[in-house]
Amino acid sequence: MQDLKDIIAKNLVRLRQQAGLTQLKLAEMLNYSDKAVSKWERGESIPDLRVLIQLAEIYHIKVDDIITEHPEGEVKPKLNLGKKRLLIVALSVGLVWFVATVIFAILYLTPATEGHAWLVYIVAPFAMSVVLTVFSAIWGTKLTNAITCTMILWSVVAVFHIFFAIFAPVVDKWWIFYIVAAPFQILIIFWFFFRKVK
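Residues numbered from 1 in each chain as written. Predicted model: local features only at pLDDT ≥ 70, side-chain atom pairs only at ≥ 80, totals over all residues. Heavy atoms only, no water.

(A) Broad picture of helix α2 (residues 23-30). Of all the residues in α2, the buried ones are Leu-26, Ala-27, Met-29 and Leu-30. Buried residues of α2, viewed axially, fall in a sector of 160 degrees; they line one side. Looking one or two residues past α2, Asn-31 carries a phi angle of roughly 60 degrees, positive in sign. (Buried < 20%, exposed > 50% of the residue type's maximum accessible area, 1.4 Å probe, protein only. Helix = DSSP H or I, 4+ residues; strand = E, 2+ residues; numbered from the N terminus. Arc of directions from axis to C-beta.)

This is the structure we're talking about:
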């Protein structure tokens with residue numbers, strides 16, 4: 001077992017260095033701590049299968065290339081930092097705005113709702129934020145997760161503010177939404193930046 005740990009450790013160090021990544025950057029890409037990456041590279045522990053698959057995807061190699069011994073430089077990583085992922089995210093965001101535009105057109109062409117059809121574009125940023133948060137949870141870092149959760153929070157506040165201003169104008173205390181949201185923003189910051197990672 002120690003031989004396997006040593007082989008994996010040696011391969012992980014070589015692949016990371018050839019890809020020009022620091023332990024911290026790799027840890028962020030995997031949603032692990034740099035201490036965990038350091039332990040793997042020192043042969044003190046072995047990443048689980050899910051992490052090995054993630055590493056193979058990042059370096060654009062096979063899992064077998066990580067767990068078997070190779071002469072120096074035989075397996076060269078081609079860093080896959082996510083052009084495909086970026087395209088998927090961009091297309092998904094575009095789809096949200098396309099659907100919003102279709103709904104806007106339907107509401108605008110309906111006499112009973114044409115005056116409020118534009119509100120679709122007030123709700124669309126919330127839907128977009130949810131989509132971005134899902135992708136960030138899968139592929140992102142703590143920073144992108146915090147940003148997308150912040151986007152959800154403030155888009156919800158904007159929706160409530162505008163909808164109350166239009167449909168309940170007697171409620172003139174619109175600023176209350178922002179005061180209520182502020183503690184949640186602080187919680188988001190604490191959750192993503194001060195919690196211990198695996």
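(B) Structural view of the packing of aromatic side chains. This model, assessed by the stated rule, comprises seven aromatic pairs. Look at Trp-154 and Tyr-178: their rings are 6.1 Å apart centre to centre, the planes differ by 20 degrees, and that puts the pair in the stacked class. With a gap of 24 residues between them, Trp-154 in helix α8 (residues 142-167) and Tyr-178 in helix α9 (residues 175-194) connect regions that are remote in the sequence. Overall, Tyr-178 belongs to the partly exposed group, its relative accessible area being 31%. Of the aromatic side chains, those joined through ring pairs into one cluster are Trp-97, Phe-104, Tyr-108 and Tyr-121. (Phe/Tyr/Trp six-rings, centres within 6.5 Å; stacked < 30°, edge-to-face > 60°.)

(C) Just the pattern of salt bridges, in detail. Within the structure shown, the criterion is met by three salt bridges. Linking Arg-16 and Glu-41 is a salt bridge whose minimum nitrogen-to-oxygen distance equals 2.5 Å. Within this pair, whereas Arg-16 is found in helix α1 (residues 2-18), its partner Glu-41 is found in helix α3 (residues 34-42), the two being separated by 25 residues in sequence. Under the relative-accessibility criterion, Arg-16 is labelled buried at 10%. Note on Glu-41: relative accessible area 11%, which makes it buried. (Salt bridge = Lys/Arg side-chain N within 4 Å of Asp/Glu carboxyl O.)

(D) Quick look at the packing of α2 against α3. Between α2 and α3, the least distance of the axes is 8 Å, while the angle of their chain directions is 110 degrees. Considering the angle they form, α2 stands roughly perpendicular to α3. Seen from above, α2 lies across α3 with right-handed handedness. Mapping the contact onto sequence places Gln-23, Leu-24, Leu-26, Ala-27 and Leu-30 in α2 and Asp-34, Val-37, Ser-38, Trp-40 and Glu-41 in α3. (Axes fitted to C-alpha atoms, helices over the stretch in contact; angles between N-to-C directions. Parallel < 35°, antiparallel > 145°, perpendicular 65-115°, else oblique. Left-handed = near helix turned anticlockwise from the far one by under 90°. Contact = heavy atoms within 4.5 Å.)

(E) Geometry of the nonpolar core. Ranked by internal contacts, the top residues of the largest apolar core, which has 21 residues, are Leu-26, Leu-30, Trp-40, Leu-55, Tyr-59 and Ile-66. Those elements that place two or more of their residues in this core are α1, α2, α3 and α4 (49-59). Take this core: its biggest share by element is six residues, from α4. Non-local contacts of Leu-55, meaning those with residues more than four positions away in its chain, are made with Leu-12, Leu-26, Leu-30, Pro-47 and Ile-66. Judged by nonpolar contacts, the second largest core, of seven residues, contains Leu-153, Ala-181, Ile-188 and Phe-192. (Core = buried A, V, L, I, M, F, W, Y, C linked by side-chain atoms within 4.5 Å.)

(F) Quick look at unusual backbone geometry. Although it is not a glycine, Asn-31 sits at a positive phi angle of roughly 60 degrees. Note on placement: Asn-31 falls in the loop between α2 and α3. Its relative accessible area of 25% is what places Asn-31 among the partly exposed residues. Although it is not a glycine, His-60 adopts a positive phi angle of roughly 60 degrees. Inspection of the secondary structure assignment puts His-60 in the loop between α4 and α5 (64-67). A residue is classified by how much of its surface remains accessible, and His-60, at 44% relative accessible area, is partly exposed.

(G) Highlighting the packing of α8 against α9. One can describe the packing of α8 onto α9 by two numbers: an axis separation of 10 Å at closest approach and a directional angle of 170 degrees. Relative to α9, the element α8 lies roughly antiparallel. In this structure, α8 uses Lys-142, Leu-143, Asn-145, Ala-146, Cys-149, Thr-150, Leu-153, Trp-154, Val-157, Phe-160, His-161 and Phe-164 to contact α9, whose residues at the interface are Phe-177, Tyr-178, Ala-181, Ala-182, Phe-184, Gln-185, Ile-188, Phe-192 and Phe-193. When grouped by side-chain class, the residues that make up the contact of α8 with α9 number 16 nonpolar, four polar and one charged. (Nonpolar A, V, L, I, M, F, W, Y, C, P; charged D, E, K, R; others polar.)

(H) Inspection of a nonpolar patch on the surface at higher detail. On the surface, a nonpolar cluster with roughly 690 Å² of combined accessible area is contributed by Leu-143, Ile-147, Ile-186, Ile-189, Phe-190, Phe-193 and Phe-194. Breaking the nonpolar patch down by element, the ones donating at least two residues are α8 and α9. With five residues, the top contributor of residues to the nonpolar patch is α9. (Patch = residues over 30% accessible without salt bridge, like charges linked within 9 Å, V, L, I, M, F, W, Y side chains within 5 Å. Areas by Shrake-Rupley, 256 points an atom, 1.4 Å probe, with all protein chains shown as cover.)

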